[in-house]
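This is what each chain is made of:
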Amino acid sequence: MTNRYSRQILFPGIGKAGQKRLGNSSVVIIGCGGLGATIATSLVRAGVGRVRIIDRDIIRYHNLHRQVLYDEEDVGLRLPKAIAAERHLKRINSSVEVEGIATEVNHTSIEGLVSGANVILDGTDNFEIRLLMNDVSLKQNIPWIYGGAVASLGMTMTIIPHQTACFRCRFPSADPKAIFTSDTAGIIGPAPFVIGSLEAAEAMKILVGAEEVNRDLIFIDVWRGTFQRLRVNPRQDCPACQGRYEFLEKS
Ligand SMILES: [Zn+2]
């Protein structure tokens with residue numbers, strides 16, 4: 001048990017103090033497909049104390065090529081992703097408190113679901129839920145990490161409330177590109193693996209209090225092998241940054 005994290009503790013960015021902080025931390029992962037499964041396995045293996053996973057979908061055969069937590073038996077049992085993820089993750093690291101919740105995330109449920117978390121991670125492929133995550137992050141002062149993957153492409157950005165630009169500063173309204181999902185444009189596993197890994201690393205940095213948190217929008221294309229960064233500045237007219245949580249408070 002004492003050796004479990006020895007190689008991670010050797011890494012100067014973590015150390016003994018960082019490992020202790022990870023163990024005392026709590027994260028919420030919204031969506032547990034290709035991105036969420038990569039994030040969850042990384043953070044549970046890293047020893048984050050409490051990991052809550054929210055996803056209402058059932059596992060299907062066409063998920064298995066990219067969703068690393070699941071297997072053929074899960075498909076046969078028609079298990080919800082959240083439930084199968086909890087089972088597998090508890091076998092990977094029994095010292096982590098893993099909680100899978102198979103429920104819908106919407107403007108009435110999200111506040112309770114993320115309450116008390118130190119970081120919220122995006123594992124969805126849903127633009128509306130991201131706008132809700134952004135609102136609840138700013139309202140409850142919880143950092144969140146945006147991530148998306150489709151085809152061979154991926155994007156990620158870290159939002160620290162009231163310090164960095166927020167998601168709405170960059171995407172003020174519905175993104176036309178959001179209509180492309182893995183259901184229409186297809187997807188290869190390495191895209192969510194890379195973005196999910198970057199999201200997990202961002203969460204670890206935030207949880208240990210590291211300086212190196214990413215403040216840019218990162219674009220990758222795993223097919224072309226490209227990696228680009230774009231600086232995102234806060235917008236003066238961003239409603240969310242001014243405390244107007246239009247998606248969370250819609251009736
Ligand atoms: Zn903003």
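Scroll up to find the structure.
It should be emphasised that the depicted structure is a prediction, and the values quoted were computed from it without experimental measurement. Residue positions within a chain follow its written sequence, with the count starting from 1. In keeping with the model being predicted, local features are shown solely for residues with a pLDDT of at least 70 and side-chain atom pairs are shown and tallied solely at 80 or more, while totals for entire chains, interfaces and linings include all residues. Side-chain calculation: all heavy atoms of the structure are included, whereas hydrogens and water are not.

## Some remarks on the layout of surface pockets
Consideration 1: With a 1 Å grid laid over protein atoms only, a set of points is called a cavity when a 1.4 Å probe fits there but cannot get out and a pocket when it is open yet has protein on both sides within 12 Å along at least five of seven lines; lining residues have an atom within 4 Å of a point. Grid points are joined across faces, edges and corners, and a volume is the space filled by probe spheres set on the points. Within this model, the second largest pocket holds a volume of roughly 170 Å³.
Consideration 2: Considering the residues around the second largest pocket, the lining is formed by Pro143, Ile160, Gln163, Lys205, Ile206, Gly209, Ala210, Glu211, Val213 and Arg215.
Consideration 3: Here the term charged refers only to Asp, Glu, Lys and Arg, the term nonpolar to Ala, Val, Leu, Ile, Met, Phe, Trp, Tyr, Cys and Pro, and the term polar to all other amino acids, Gly among them. Split into classes, the residues belonging to the lining of the second largest pocket amount to five nonpolar, two polar and three charged.

## As for the side chain of Asp122
Consideration 1: Note on conventions: DSSP H or I runs of at least 4 residues are helices, E runs of at least 2 residues are strands, and numbering of each starts at the N terminus. By the secondary structure assignment, Asp122 is in strand β4 (residues 119-122).
Consideration 2: Two residues form a contact once any of their heavy atoms are found within 4.5 Å. Apart from residues no more than four positions distant in its own chain, Asp122 is found in contact with Ile30, Leu35, Ile39, Arg130, Met133, Trp144, Ile145, Tyr146, Gly147 and Glu199.

## As for the pattern of salt bridges
Consideration 1: The term salt bridge refers to a side-chain nitrogen of Lys or Arg lying within 4 Å of a carboxyl oxygen of Asp or Glu. Going through the model one piece at a time under the given rule, you end up with 12 salt bridges.
Consideration 2: Here Glu99 ties to Arg52 by a salt bridge, and the two come within 2.8 Å at their closest N and O atoms. Within this pair, whereas Glu99 is found in strand β3 (residues 97-101), its partner Arg52 is found in strand β2 (residues 50-54), the two being separated by 47 residues in sequence.
Consideration 3: A simple rule labels every residue: compare its accessible area, found with a 1.4 Å probe on the protein chains alone, to the largest value its type can have, and call it buried under 20%, exposed over 50%, or partly exposed in between. Given a relative accessible area of 22%, Arg52 falls into the partly exposed group.
Consideration 4: Here Lys139 makes a salt bridge to Glu249, at a shortest N to O gap of 3.9 Å. Highlighted residues: Lys139 in helix α7 (residues 127-140) and Glu249 in the segment after β8 (226-231), separated in sequence by 110 residues.
Consideration 5: Each of Glu111, Lys139 and Glu249 takes part in a single network of salt bridges with overlapping partners.

## Some remarks on the coordination of the zinc ion
Consideration 1: For Na, K and Ca the donor cut-off is 3.2 Å, while for other metals it is 2.8 Å, and in both cases only N, O and S atoms qualify; water is not among them, so sites may look incomplete. At 2.3 Å from the zinc ion lie its protein donor atoms, namely Cys166 (SG), Cys169 (SG), Cys238 (SG) and Cys241 (SG).
Consideration 2: Classification of the site at the zinc ion rests on its four donor atoms, whose angles at the metal span 101 to 115°, yielding the label tetrahedral.
Consideration 3: Considered as a linear motif, the donors of the zinc ion on their single chain read C-x2-C-x68-C-x2-C. A residue pair is termed long-range when its members are at least 10 positions apart, and Cys169 in helix α8 (residues 167-170) and Cys238 in the segment after β8 qualify at 69 residues. No difference in accessibility class separates Cys169 from Cys238, as the two residues are buried. Geometry is assigned from the angles between donors: four donors with all angles from 85 to 135 degrees make a tetrahedral site, four or six donors whose opposite pairs exceed 155 degrees while the rest stay between 65 and 115 make square planar or octahedral sites respectively, and everything else is labelled irregular.

## A short note on the packing of aromatic side chains
Consideration 1: Classification of ring pairs uses Phe, Tyr and Trp, with its six-membered ring standing for Trp, and accepts pairs whose centres are within 6.5 Å; under 30 degrees between planes counts as stacked, over 60 as edge-to-face, and the remaining range as tilted. Applying the stated rule across the entire model yields seven aromatic pairs.
Consideration 2: Consider the rings of Trp144 and Phe167, whose centres lie 5.5 Å apart with planes at 65°: the pair is edge-to-face. Residue Trp144 is found in strand β5 (residues 144-150), and its partner Phe167 is found in helix α8; the two are separated by 23 residues along the sequence. Comparing Trp144 with Phe167, the two get one shared label, buried.
Consideration 3: An angle of 55° between the planes, with centres 4.8 Å apart, marks the rings of Tyr146 and Phe167 as tilted. With a gap of 21 residues between them, Tyr146 in strand β5 and Phe167 in helix α8 connect regions that are remote in the sequence.

## What to know about the side chain of Glu199
Consideration 1: Its place among the elements puts Glu199 in helix α10 (residues 190-208).
Consideration 2: At 7.3 Å, Arg130 is the nearest oppositely charged side chain to Glu199, a buried residue that forms no salt bridge.
Consideration 3: The contact partners of Glu199, leaving out residues within four places of it in the chain, are Leu35, Ile39, Leu121, Asp122, Ile145, Tyr146, Gly147 and Thr156. In this count, Lys and Arg are taken as positive residues and Asp and Glu as negative ones, while His and the chain termini are left out.

## Considerations on the pairing of β4
Consideration 1: Judged by which residues are buried, β4 turns out to be covered on both faces: Val119 and Leu121 on one side and Ile120 and Asp122 on the other are all buried.
Consideration 2: Strands are labelled as partners when DSSP assigns at least two bridges between them. Judged from the four bridges that link them, strand β1 (residues 26-30) and β4 form a sheet pairing that is parallel. Across the sheet, Val27 pairs through a bridge with Val119, a residue of β4.
Consideration 3: Across two bridges, the pairing between β4 and β5 is parallel. The residue bridging Leu121 from the neighbouring strand is Ile145, located in β5.
Consideration 4: Handedness of the crossover joining β4 and β5 through α7 is recorded here as right-handed. We call a crossover right-handed when, viewed with the strands running away from us, the connection from the first strand over the helix to the second turns clockwise.

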